Amino acid sequence: MDQYYRDNFEEILDIFCRAAGGGAFSVRLDDELTLLSANESYYKIFGCTKDGLFQQTQNKFARSIYPDDAERVLALCREARESGALRLECELRIITAAGNIKRVKAAGAIDRTHTTPVARGVLIDLFAQSSASGEENLSYKSIVEENIMGSFRLNLSQNLCGDGQCIFPYVLKLRCAKTVDEFFGMVYEEIPDAEQRARHAALFNRENLLASFDAGITHLHLEHKYRVDENRCQWLATHITITKNPATDDIEALIYTFDIHRTKTLQLIMEHTVESDYDYIAVVNTADESHMEIMNDKSPAVAPPVHLKKYSEVIAGLVALENAPEDRERIERQKSLQNVVEQLRESDCYTITYAARQKDGSVGHKRLRFSYLDRDEGLIVFSATDITREIAEEQQKNEMLRDALTAAKQANSAKTDFLSRMSHEIRTPMNAIMGMAAIAAQSIGDEEQVSDCISKIGISSRFLLSLINDILDMSRIESGKVLLKNEKVPFAELIGSINSICYSQAKAKDIDYECVVDNHIEASYMGDAMKLQQVLINILSNSIKFTDSKGRVSMEIKQLKRTGTHAELRFSINDTGCGISEEFIPQLFEPFSQEHAAGFKTMYSGTGLGLAICKNLVEMMDGKIEVRSIVDVGTEFTVTLKLGVTEETTAGYFKKMSHNFERLNTLVVDDDVAVCQYTVITLSEMGMKAEWIDSGKKAVERVREKWDEGAHYDLILVDWKMPEMDGIETARAIRAIVGPEVTIIIMTAYDWASIEHEARLAGVNMLISKPLFKSSLASAFSKALDEKHVEEIMEEPVDFDFSGHRILVVEDHPLNIEVARKLLERKGFAVDQAENGLRAIEMITLAPEKYYDAVLMDIRMPVMDGLQATRGIRNLHKKSAKTVPIIAMTANAFDDDVEKSRNAGMNAHLTKPIEPAHLYRTLYHYISGEEDTAK
């Protein structure tokens, strides 16, 4: 129904209700039948005002229902709500404001345009009941005075028909009946509708009336059509009240019939109009083609001319107004009364939909609906509805469905492509792992072959792990579960760790790698170091991957600006690789996009998720990532983001140093002039007197000249990789001239482990990584001046010995237990094992104090998990249970998993698969008694 009808629904319904002697109302079909609106007649039935009824029921119709009827009515409403029914009708008893009981009938149509359907209809007061007895007590005298069609008394016990009266001939003949059975037989003959006749016969017969009285039912009611003369039928309401005659103890029935024809007709019209959701409603009589307009809504659709009374004239005038000339003949034929009657012979409803001109001249759509109001009388309800909006909405829905279908097809295609690619990517390393394992098993005794197989199994395993990590990262990003940390980031350490990885990758491909850092970079920032490292390593690894041998990859880091709380940094990564086509750049950061997946397929091509992950992480850090590229020339990635500023600036860092560098005389030796100039500027800002030379040979000559003059450099920084004379040769020659007086430091962009021993023999005091930060230079100089050795900045010893120590491994997987046992026993540990957390608590409880030096704890286990077990151990009264190092050894790898481990009382969190070196270092860290910190 359109907006006008909705807005005026109550007024329209009120007109119908006054004719029917009832009240109009609408209720939501929820569990309490919430009253939405009602007219004045409705509240009169309850004997109170709107406010009075609200105080009594809070507008919950269910609270007004007599308790014995409540469950039946609510069940009927639930069934109508869930079954999709369009009508609802029932009789029930209600409690008035005064506490009396009334028998009423509720009937109406169900509007399903709401989330919870709404019933709109009429509440009719059938007759009053006594509040004391709750039984009907209408006297014969009051019935006679009511101008009813007829009334009779029946003695059910004696099967006798008593006195009666009526006003229609076809009812008058009922006075001739002698018995109750004969009386009802004559009534059945005059009911034209077979279904109504059967219903009447089942309810109104002597046996059923007696049985009803025995069951406590004293009133029965039925609406039906009845033949009142030879040519006319009429709607009647028949009521029967059953009582016991106190004088004779006979069971008697008082039957009385009301004329409800007009009320029922109006009710049917209302139901038809409500159900049809109309703009225009009329009734057509097939006998004389008369046309009676019932409602003409103010809709945008063209309505029939009001002065026309014949249906054929109405249709002709309407077609001329709203239809295009080429459509008029067809539509007029469809609307003709002859065609309508013919269509309704086979169906209860006939509908026509067509394009129609609106009042404003635009083209809309209209739906006509024809159905019999009374088939016996030949009355047809003719309703029209403007469906322009519905058609537009349907078209929009269809477009949305088409778009959704296209998106679903694309998603399905992407899913299929992803599964296919993941199947290939996972099976490739798995095939290598299984194949190499089989070859190793067949080559026992051939150490070289077994070693080669184990090495390749390690490579494949690490790739498989990175593959899984990429998939998990992308999944967590898309589900919004990635949380950024805001912690202090020692910038020199961060860039140093990135460079150590990228230098080795570049060296393996014979690629020149360089990292240049702006001298304005601070010693530390605030942010998420792990996520930033992940972004930069991913981009740098891609650059190295797609750059040929003898090519070049570089990263330049610059601080663009600094405010009181934030600094904006730019990371520019350039390579001389294959480049990216201009057409593919817009797709570059989409998941699984790989322009060169086939042409540049090395041992493994990767998931195509790396750059998508980078873009999401950068945007989460309030930054942006851009790319420029030329095919066969190279590519530049630019990452710009904001990091928080710490209170400790580089200048503040120098103030805390124990040494004053202002008197130090320094020489920088490097064949890269840009590095020399940058280093000299950095040293000068630290207060040193610095100069540079671009070769080792020149440096030796300069040192000799200065030595001959009776002077020397306090510090000499020498690059390792230089032509003609490398850094170690240069250091050896300088040491031969100056002896132990001068501190010589080797600068290198590569892993110095392979040259450390040779450098020591050449007289080098210390090695330091490129790029050079002020903080790292200051730290290195302080250590050198304090005569500390390079061992002090190295990591823990490589060869660990845990002999004399006992460890408890809490793990339920047999293979993981075997791996852990072999790794730990190889380093001297005595190993005990518990299959779940509860068993671990028992073993620690029963063991002597300080029996275990550490506990390796899995998280997911049956009976009791690792987190519960850790809390249980920490709560034991045993002193050592509160201090024994408990280290998580689990596949739970997310940040919140680490936080859960820490909160449970664990000291560290190791992620499976376990790296043996990391495991040994962690155990050494805690067993040696260093500070507990969850990693």
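In this text, all values refer to a predicted model and were calculated from it rather than measured experimentally.

Before going further, it helps to spend a moment on the pattern of salt bridges. All chains considered together, the criterion is met by 36 salt bridges. In this structure, Asp376 engages Lys225 in a salt bridge whose closest nitrogen and oxygen atoms are separated by 2.5 Å. Separated by 151 residues along the polypeptide, Asp376 in the loop between strand E14 (363-374) and strand E15 (379-386) and Lys225 in strand E8 (residues 219-227) bring together distant segments of the chain. Lys225 sits in the buried class, given a relative accessible area of 9%. Arg902 is the salt-bridge partner of Glu899, the closest N and O atoms lying 2.8 Å from each other. Within this pair, Glu899 and its partner Arg902 are both found in helix H30 (residues 895-904), separated by three residues, close to a single helical turn. Judged by relative accessible area, Glu899 falls into the partly exposed class, the value being 38%. In the salt-bridge network here, residues are joined through shared partners; they are Asp31, Arg81 and Glu82.

Turning next to the pairing of strand E4 (residues 101-111). Taking burial as the measure, the eleven residues of E4 include eleven buried ones, the bulk of the element. Summarising the sheet, strand E3 (residues 87-95) and E4 pair through nine bridges and their orientation is antiparallel. The partner of Arg93 across the bridge, within E4, is Arg103. With antiparallel pairing between neighbouring strands as the criterion, E3 and E4 make up a hairpin whose turn holds five residues, including Gly99 at a positive phi of roughly 95°.

With that settled, the discussion passes to the sheet that holds strand E29 (residues 830-834). Taken together, five strands build an open sheet; the order of strands is E29-E28-E30-E31-E32 and the sheet is parallel. Of all strands in the sheet, those bounded by a partner on one side alone are E29 and strand E32 (908-911). Recorded for the sheet is a direction-independent mean angle of 20° between the axes of neighbouring strands. Of the strand pairs in this sheet, strand E28 (residues 806-810) and strand E30 (residues 854-857) are connected by four bridges, and their pairing is parallel. Looking at the pairing, Leu808 lines up with Val855 of E30. Where helix H28 (residues 866-874) meets the sheet, it contacts E30 and strand E31 (886-890), and its direction lies at approximately 155° from that of E30. Across the face of the sheet, helix H31 (residues 916-927) comes into contact with E28, E30, E31 and E32 while running at roughly 170° to E32.

Between the first and last C-alpha of helix H12 (residues 311-322) there are 16 Å, a value that for twelve residues agrees with the 16 Å anticipated at 1.5 Å per step. When H12 is considered as a whole, its buried residues turn out to be Tyr311, Val314, Ile315, Gly317, Leu318, Val319 and Glu322.

Moving on, we get to the nonpolar core. One finds Phe491 and Phe637 to be the most contacted residues of the largest nonpolar core, which totals 49 residues. Here this core gets eight residues from one element, more than from any other, and that element is helix H17 (residues 491-508). Ignoring any residue separated from it by four or fewer positions in sequence, one finds Phe637 in contact with Ile539, Phe571, Ser572, Ile573, Ile580, Leu588, Phe589, Leu611, Ile625, Glu626 and Val627. In this structure, Val27, Ala70, Leu92 and Ile110 belong to the second largest nonpolar core, which totals 28 residues.

For the rest of this paragraph, the subject is the packing of aromatic side chains. Applying the stated criterion to the full structure yields 18 aromatic pairs. Aromatic pair Tyr503 and Tyr513: ring centres 4.8 Å apart, planes at 85°, arrangement edge-to-face. Residue Tyr503 is located in helix H17, and its partner Tyr513 is located in strand E17 (residues 512-517); the two are separated by ten residues in the primary sequence. In terms of burial, Tyr503 and Tyr513 fall into one category: buried. Through pairs of rings, three or more aromatic residues link up here, namely Phe25, Tyr42, Tyr43, Phe46 and Phe61. For the cation-ring pair, Lys706 lies above Tyr713, with the distance from its terminal atom to the ring centre recorded as 5.1 Å. Sitting over the face of the ring of Trp720, Lys721 holds its NZ or CZ atom 4.7 Å from the ring centroid.

Mean pLDDT for the chain: 79, with 80% of residues reaching 70 or above. Counting contacts from residues 1-20, a segment whose pLDDT is below 50, to residues more than four positions away or on other chains yields 41 contacts. Here residues 930-935 scores under 50 on pLDDT; set against residues more than four positions off or in separate chains, the count is 16 contacts.

Reading the values: rules and limits
- Chains are numbered independently. Their residues run from 1 in the order of the written sequence.
- With the structure being a predicted model, the display of local features is reserved for residues of pLDDT at least 70 and the display and counting of side-chain atom pairs for 80 or more, all residues being used for whole-chain, interface and lining totals.
- The side-chain values count all of the structure's non-hydrogen atoms but skip hydrogen atoms and water molecules.
- Salt bridges, as used here, are contacts in which a Lys or Arg side-chain nitrogen is within 4 Å of a carboxyl oxygen on Asp or Glu.
- Helix numbering and strand numbering both begin at the N terminus, where a helix is a DSSP run of H or I of at least 4 residues and a strand a DSSP run of E of at least 2.
- Burial here depends on accessible area, computed with a 1.4 Å probe over protein chains only, as a share of the maximum for the residue type. Under 20% is buried, over 50% is exposed, and the range in between is partly exposed.
- DSSP bridges decide pairing: two strands pair if at least two such bridges lie between them.
- The convention used is that axes are lines fitted to C-alpha atoms, helices contributing only their stretch in contact, and that angles between N-to-C directions extend from 0 to 180 degrees.
- In this analysis, two residues are considered to be in contact whenever any of their non-hydrogen atoms come within 4.5 Å of each other.
- Residue count minus one, scaled by 1.5 Å, sets the expected span of a helix.
- Residues grouped as a nonpolar core are buried Ala, Val, Leu, Ile, Met, Phe, Trp, Tyr and Cys residues, joined through side-chain atoms within 4.5 Å.
- Aromatic pairing here means that ring centres of Phe, Tyr or Trp (its six-membered ring) are within 6.5 Å. Orientation follows from the plane angle: under 30 degrees is stacked, over 60 is edge-to-face, and everything else is tilted.
- Comment: the charge-over-ring label is applied if NZ (Lys) or CZ (Arg) is within 6 Å of the ring centre and within 35 degrees of the ring normal.
- What pLDDT expresses is the predictor's confidence in each residue, scored from 0 to 100.

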